[in-house]
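Overview (structure and organization)
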Amino acid sequence: MRLDLRHDPGAAEQIPELQERDGYVSDISLALRYRPNLFGKPFSELLQKVMKGPSEWTEAERELFAAYVSSLNQCPF
């Protein structure tokens, strides 16, 4: 079952632009734009810390890990 989510007008305007630019809009892109103060902004801030913050791995290595896991899960990255 798929929920029919309604984005606020500002976010709703971004969705067709993403579709035009990328050829698809991923579920994570839709989730990040749905109630952004509840999920989108905090998740994006956390993601930036994880991907670009201090680590034994380089940023490029972390990007490669993310791309590999996404491919295993058949998730466009």
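Residues numbered from 1 in each chain as written. Predicted model: local features only at pLDDT ≥ 70, side-chain atom pairs only at ≥ 80, totals over all residues. Heavy atoms only, no water.

In the structure shown here, the tally under the stated rule is two salt bridges. The salt bridge partner of Arg21 is Asp22, with a shortest N-O separation of 2.8 Å. A relative accessible area of 61% means that Arg21 is categorised as exposed. Accessibility expressed as a relative area gives 38% for Asp22, which makes it partly exposed. Ionic pairing is found between Glu59 and Lys52, a salt bridge with its closest N-O pair at 2.7 Å. Residue Glu59 is classed as partly exposed on the basis of its relative accessible area of 36%. Taking the relative accessible area as the measure of exposure, Lys52 reaches 46% and is therefore partly exposed. (Salt bridge = Lys/Arg side-chain N within 4 Å of Asp/Glu carboxyl O. Buried < 20%, exposed > 50% of the residue type's maximum accessible area, 1.4 Å probe, protein only.)

All right, on to the environment of Gly23 then. Relative to the elements of secondary structure, Gly23 occurs in the loop between helix H1 (9-22) and helix H2 (27-33). Considering only alpha carbons, one finds Gly23 and Val69, 46 residues apart in sequence, at a separation of 22 Å. (Helix = DSSP H or I, 4+ residues; strand = E, 2+ residues; numbered from the N terminus.)

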